[in-house]
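Single-letter residue listing:
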Amino acid sequence: MPIPHNTPAIDRHLLRDDVYHRLRDAIVDGSLAPGEQLRDVELATWLGVSRTPVREALLRLAEAGLVVAQPGRSTTVSSLNMRDVREARDVVAAMHELAVREAVGGLTEADLDAMRQANERFRAAIEKGDVEAALRADDELHGIPVRVASNRALASVLDQFTPVLRRAERLRFSSLGGRVSLVRHDNLIRLCAAGNADQAAAVAFDTWRTLPATEE
């Protein structure tokens, strides 16, 4: 797949993180396909920035396992590696377990309502078979305890490893376990509302740890 040409350029004054997130998202959603060669000049033109933040972003993407860099030769989008997916899944599950454990005491009624609303959007997306909308709603729901926990190290780890899981879901046309995830979400919200940090954390861990990470 060629480099897209129909995406508006980002503001030149935005931080390098924006370049990283734009490239990361393009890999995760398949706009930049596995095996595709990434040339910093083309990417810089596409994003409307200089080559420096693009090069920095590619280094970060290599650390996350989303690209393969061969110094002096080429940089390509990596193929889906199921070992990487399993390792990312286990790390992400542990981080969400910690986030919920730390957040439960600080969740407000508004936070709980936001989680319920996100789960309803997730439910509607699953019923329609809209994987992209389901993933967005799932991210919104689990993102609330992460925000409330306010643990920067935890958030940084999730920012690095969650895209590996999301990429696997999209490339394998998964629906996130559909109804099973809905039940777990309902239990998570109920336990959070009851202030049961230990059980809520266990549900959060299981929700992520049970995502499939094997070739089908």
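Quick note: structure is the one above.
Predicted model only: the values in this text are computed from it and were never measured.

Cut-off values and rules
Residues numbered from 1 in each chain as written. Predicted model: local features only at pLDDT ≥ 70, side-chain atom pairs only at ≥ 80, totals over all residues. Heavy atoms only, no water. Helix = DSSP H or I, 4+ residues; strand = E, 2+ residues; numbered from the N terminus. Buried < 20%, exposed > 50% of the residue type's maximum accessible area, 1.4 Å probe, protein only. Areas by Shrake-Rupley, 256 points an atom, 1.4 Å probe, with all protein chains shown as cover. Axes fitted to C-alpha atoms, helices over the stretch in contact; angles between N-to-C directions. Parallel < 35°, antiparallel > 145°, perpendicular 65-115°, else oblique. Left-handed = near helix turned anticlockwise from the far one by under 90°. Contact = heavy atoms within 4.5 Å. Pairing = 2+ DSSP bridges. Core = buried A, V, L, I, M, F, W, Y, C linked by side-chain atoms within 4.5 Å. Phe/Tyr/Trp six-rings, centres within 6.5 Å; stacked < 30°, edge-to-face > 60°. Lys NZ or Arg CZ within 6 Å of the ring centre and 35° of its normal.

Trainee: An account of the overall build of the protein is needed here, citing residue identities and associated values.
Mentor: What the protein contains, in helices and strands, is 9 helices and 2 strands. For the protein, the α and β elements follow one another from N to C terminus as α-α-α-β-β-α-α-α-α-α-α. Out of the 216 residues in the protein, the part that is buried amounts to 44%. By element, 51% of the accessible surface of the protein is carried by carbon and sulfur atoms, the whole surface being about 11100 Å².

Trainee: Provide a residue-level description of the packing of helix H6 (residues 131-149) against helix H8 (residues 179-193), including the pertinent values.
Mentor: Packing of H6 against H8 leaves a shortest axis separation of 12 Å and a crossing angle of 20°. By the angle class used here, H6 and H8 are roughly parallel. Two packed elements cross with a definite hand, and for H6 against H8 that hand is left-handed. Side by side, H6 and H8 meet where Asp138, Leu141 and His142 of the first sit next to His185, Leu188 and Ile189 of the second.

Trainee: Describe the pairing of strand E2 (residues 74-77), and please don't skip the residues or the numbers.
Mentor: Examined bridge by bridge, strand E1 (residues 67-70) and E2 share 4 bridges and lie antiparallel to one another. Counted as the bridge partner of Ala69 is Thr75 from E2. Here E1 folds back onto E2 in antiparallel fashion, the turn holding 3 residues, of which Gly72 has a positive phi close to 80°.

Trainee: I'd like a rundown of the side chain of Asp40, residues and numbers included.
Mentor: Within the element layout of this structure, Asp40 appears in helix H2 (residues 40-47). Those residues in contact with Asp40, other than ones at most four positions away along the chain, are Arg51, Val54 and Arg55.

Trainee: Residue-level account of the nonpolar core, with values.
Mentor: In a soluble, globular protein the nonpolar side chains are often hidden away together inside. One finds Leu23, Val54 and Leu61 to be the most contacted residues of the largest nonpolar core, which totals 37 residues. Those elements that provide at least two residues to this core are helix H1 (16-28), H2, helix H3 (51-63), helix H4 (82-103), H6 and helix H7 (152-171). Looking at this core element by element, the count peaks at 8 residues for H4. When neighbours within four sequence positions are excluded, Val54 is seen to be in contact with Val19, Leu23, Asp40, Leu43, Ala44 and Val49. By size, the runner-up hydrophobic cluster in this structure holds 16 residues, among which are Met115, Ile144, Leu191 and Ala201.

Trainee: Describe the packing of aromatic side chains, with residues and values.
Mentor: Under the criterion given, the structure shown has 0 aromatic pairs. Here Arg60 stacks its cationic end above the ring of Tyr20, 3.8 Å away from the centre of that ring.

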